[in-house]
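Fold and contact review
One letter stands for each residue in the lines below.
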Amino acid sequence: EAGVAQSPRYKIIEKRQSVAFWCNPISGHATLYWYQQILGQGPKLLIQFQNNGVVDDSQLPKDRFSAERLKGVDSTLKIQPAKLEDSAVYLCASSPGAGTGSREQYFGPGTRLTVT
Amino acid sequence: AQSVTQLDSQVPVFEEAPVELRCNYSSSVSVYLFWYVQYPNQGLQLLLKYLSGSTLVKGINGFEAEFNKSQTSFHLRKPSVHISDTAEYFCAVSEIRGNTPLVFGKGTRLSVIA
């Protein structure tokens, strides 16, 4: 089966510009996550969707970050305006969802963002 | 809330030698435990997971881990490493209830030396 797809793989922008990342989860997976991985650290959850509803966005900096998952499939994560500290790898993951018994999350290759 | 501590940020080891990567966690509720591996410029790949049952869990690529509830540890081991095992390894936990996200440690960089 196809894995989690993300694009672009790399992005370089100047501070105060905006950027958007796209994620296509594994077909049929109800739960989708966006994680931020800063260099030298483990991934940290930004937002979790169950189908097209938000389950947890408590760690999303809502003054500049936004995310949506229209129709419960693809998702986009946007940063506007970007700051230097947003330089990181943004990972998208999906899982079958609650009630399926599977707790494994499947990760995409990530988007490496550099803010200059 | 949960937290994960990976005690070693870097572990160098000679090829064919054994290795142990240490992981301790803290949680007020029961958790599931995971080890993920990340190769350069790639996403995370699941090595193994502990959900219930036997505390010794076997994963891919010859890795295994042992869950120790009294010591709140989940150390990863491999009896003989290869050059191809060079990567970043992350320990993670998630609450048993619902479909909660993963909480990761900071990672351990395993460098296998020829």
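All chains use their own residue numbering, which begins from 1 and follows the written sequence. In the order they appear in the text, chains get letters beginning with A and ligands get numbers beginning with 1. In view of the model being predicted, local features appear only for residues whose pLDDT reaches at least 70, and side-chain atom pairs are presented and counted only at 80 or more, with totals across whole chains, interfaces and linings using the full set of residues. Only heavy atoms go into the side-chain values, all of them from the structure, while hydrogens and water stay out.

**Quick notes on the overall build of chain B**
What chain B contains, in helices and strands, is zero helices and 12 strands. Note on method: radius of gyration uses C-alpha positions; expected globular size equals 2.2 Å times residues raised to 0.38. Its C-alpha atoms give chain B a radius of gyration of 14 Å, within 12% of the compact-globule value 13 Å for 114 residues. For chain B, the C-alpha atoms occupy an extent of roughly 45 × 30 × 20 Å along the three principal directions. Exposure classes here rest on a 1.4 Å probe applied to the protein chains alone. A residue is buried below 20% of its type maximum, exposed above 50%, and partly exposed in between. Counting the 114 residues in chain B, one finds 48% classified as buried. Whether two residues touch is decided by their heavy atoms; if any such pair falls within 4.5 Å, the residues are in contact. For chain B, the proportion of contacts with a sequence separation of at least 24, taken over those separated by at least 6, is 56%. Every accessible area reported is derived by Shrake-Rupley at a probe size of 1.4 Å, with residue values counting cover from the shown protein chains alone. Per element, the accessible surface of chain B, about 5,400 Å² overall, is 50% carbon and sulfur. Charged residues are defined here as Lys and Arg on the positive side and Asp and Glu on the negative side; His and the ends of the chain fall outside this count. A single reference atom marks each charge: NZ on Lys, CZ on Arg, CG on Asp, CD on Glu. Averaging the locations of the 9 positively and 9 negatively charged side chains of chain B gives two centres separated by 8 Å. Every helix listed is a DSSP run of H or I at least four residues long, and every strand listed is a run of E at least two residues long, numbered separately from the N terminus.

**Comments concerning the interface of chain B and chain A**
The partner chain A presents 25 residues to the 24 residues of chain B that form the contact. Summing both partners gives a buried area of about 1,700 Å² for chain B against chain A, and 49% of it is carried by carbon and sulfur. When the buried area of chain B at its contact with chain A is split by residue, B:Asn41, B:Asn99 and B:Pro101 rank highest and sum to 33% of it. Salt bridge, as applied in this entry: a Lys or Arg side-chain nitrogen positioned within 4 Å of an Asp or Glu carboxyl oxygen. Viewed at the interface, chain A and chain B are joined by zero salt bridges. The term polar contact refers here to a pair of N or O atoms within 3.5 Å; inside protein, the definition further demands a hydrogen-donor-capable atom paired with an acceptor-capable atom, and it admits residues adjacent in sequence only when both atoms are side-chain atoms. Viewed at the interface, chain A and chain B are joined by four residue pairs in polar contact (both at pLDDT 80 or more). Looking at the side of chain B that touches chain A, the elements that each hand over two or more residues are strand E5 (31-38), strand E6 (44-50) and strand E10 (87-95) of chain B. When residues in the side of chain B that touches chain A are grouped by element, the largest group, four residues, is from E5(B). Joining two parts hides part of their accessible area as seen by a 1.4 Å probe, and the buried area is that hidden amount summed over both.

**Details of the confidence of the model for chain B**
Note: pLDDT gives the predictor's confidence per residue, expressed from 0 to 100. When the pLDDT values of chain B are averaged, the result is 94; 100% of them are 70 or greater. Within chain B, strand E3 (residues 19-21) of chain B carries the highest mean pLDDT (98), whereas E6(B) carries the lowest (94).

**What to know about the pattern of salt bridges**
All names here are of chain B. This model, assessed by the stated rule, comprises seven salt bridges over all chains. Among the salt bridges present, the one from Arg22 reaches Asp8, with a minimum N-O distance of 3.0 Å. With Arg22 in the loop between E3 and strand E4 (24-26) and Asp8 in the loop between strand E1 (3-5) and strand E2 (10-14), the pair connects residues that are 14 residues apart, well separated along the chain. With a shortest N-O distance of 3.7 Å, Glu66 and Arg77 are connected by a salt bridge. Residue Glu66 is found in strand E8 (residues 64-68), and its partner Arg77 is found in strand E9 (residues 73-78); the two are separated by 11 residues along the sequence. With relative accessibility at 27%, the residue Arg77 sits in the partly exposed group. Among the charged side chains, a salt-bridge network with shared partners connects Glu20, Glu66 and Arg77.

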